[in-house]
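Architecture at a glance
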Amino acid sequence: MQRFTKSKTMIFPREIIVGHNTTQQIAELCDRLGRRKSALIVADKKTKKLSGEDIFKLLKKANYEVQEKTVSAPTVSEVNHVINFANKNNIEMLLGVGGGSVIDITKLAAYELKKPFISVPTSAAHDGIASPRASLKHSKGSVSKTATSPIAVLADTKIIMKAPYRMLASGCADVISNISAVMDWDLAHRLKNEEFSTHGAVLAKTAAEMLIENAEDIKEGREEASWLAVKAMIVSGVAMSVAGNTRPASGAEHMFSHMLDHLGPGIMLKGKRHKKPLHGEQCGVGSIMMVYLHGGDWKNIRDALKKIGAPTTSEELGVSKKKIIEALVKAHEIRPERYTILGETGLTEDAANKVAKITGVT
Ligand SMILES: [Zn+2]
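Residues numbered from 1 in each chain as written. Predicted model: local features only at pLDDT ≥ 70, side-chain atom pairs only at ≥ 80, totals over all residues. Heavy atoms only, no water.

1. Side note on the side chain of S149
To keep things clear, this is the line we draw: For the purposes of this entry, the term helix denotes a DSSP run of H or I that reaches at least four residues, the term strand denotes a run of E that reaches at least two, and both are numbered from the N terminus. Pairs of N or O atoms are called polar contacts if they sit within 3.5 Å, as long as, within protein, a hydrogen donor faces a hydrogen acceptor (for residues adjacent in sequence, only side-chain-to-side-chain pairs). Whether two residues are in contact is decided by their heavy atoms: any pair within 4.5 Å suffices.
Tracing the chain through its elements places S149 in the loop between strand 7 (141-146) and strand 8 (152-156). A polar side-chain atom of S149 sits 3.1 Å from the main-chain carbonyl oxygen of I11. A polar side-chain atom of S149 sits 3.1 Å from a polar atom in the side chain of S241. Setting aside residues up to four positions removed in sequence, S149 forms contacts with I11, F117, A130, S131, P132 and S241.

2. With respect to the pairing of strand 3 (residues 65-70)
Remark: a regular strand shows side chains that alternate across the two faces of the sheet. How we decide: Whether two strands pair depends on DSSP finding at least two bridges between them.
The pairing of strand 2 (residues 38-43) with strand 3 spans six bridges and is parallel. Bridge assignment links I41 to a residue of strand 3, and that residue is E68.

3. Here we look at the pattern of salt bridges
Our working rule: Counted as salt bridges are all cases of a side-chain nitrogen of Lys or Arg within 4 Å of a carboxyl oxygen of Asp or Glu. Buried, partly exposed and exposed residues are distinguished by accessible area as a fraction of the type maximum, computed with a 1.4 Å probe on protein chains only: under 20%, between the cut-offs, and over 50%, respectively.
Applying the stated rule across the entire model yields 17 salt bridges. A salt bridge links R32 to E15; the nearest nitrogen and oxygen atoms lie 2.5 Å apart. Here E15 lies in strand 1 (residues 15-19) and R32 lies in helix 1 (residues 26-32), a separation of 17 residues in the sequence. Take R32: its relative accessible area is 44%, and that puts it in the partly exposed class. Its salt-bridge partner being R222, residue E224 comes within 3.3 Å of it at the nearest N-O pair. Assessed through its relative accessible area of 37%, E224 is described here as partly exposed. A relative accessible area of 34% means that R222 is categorised as partly exposed. Members of the salt-bridge network, linked through shared partners, are R36, E92 and K115.

Okay, here's the thing in structure tokens:
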């Protein structure tokens, strides 16, 4: 008999606090995590004002030795700054207070430092809040890196609600795109015998369905929308911890999104102010088309995105039809080792035109 040699580590957040005015609970949360009373708050200029300063005061009041580090873009040097600062100041615990970039920087620094970190999202723009992965920017784009899952998540919906609604809608689209990601994963499992985790897949789908089913309630100005979004993002992050990779939340729709990033900025639409499309917005549109290619219920995805107010067409996304087609045709080049519905050679231009047209994207 063959000897059993499998081994796997999964790390999950120990405590998740989501809701109105939860910031007030930060000191008790840190106390419960049972560490030395020494914390580093990582934030950017904006999130420092929005929440970082309050957390600083609350921890000081609870007799914590608190330091604060302001960061900007998620780059290797920025992560190293945090690491050096934490080492110099003998920091025990890191708190990432901010959006995706701040949380990614903190997550990577904590991973290198082998210290626990608490994720304190101030917006809900993507599903990295509780995931063990982080993306770093470099001169040619971005790269996904292994990091650590947060030991706890503290999400204050009162604060998240203050972020532009567009970010929240984009974050929801990112989670909804788990539907096509899981379809791709399942396909790779069947065709390439890639390792598949039923639990990871179910969790990722559940996160997406939570938002699809409650799409009516995800609207600008409603604190409940932040509540739903954050909860779904945390479930999505846990799905990635279970899988040990980003498969449950990243398939061909993410490759399409990364290819759009690679091809350059969106277009200036007549009469409308140009805004660079957000990650989740691109993934949502990609997911409509990938679910169509899988023969799935793409209209369900489109309708949910519409209700939430996330883009479903090239025009709403602010990307030219030409660029959509180019990204579809080239998307498979992004991560050749990750098998998806796009196969090894990708879509032909005719097929790309067809899928974009039928799904109403172009
Ligand atoms: Zn994503």
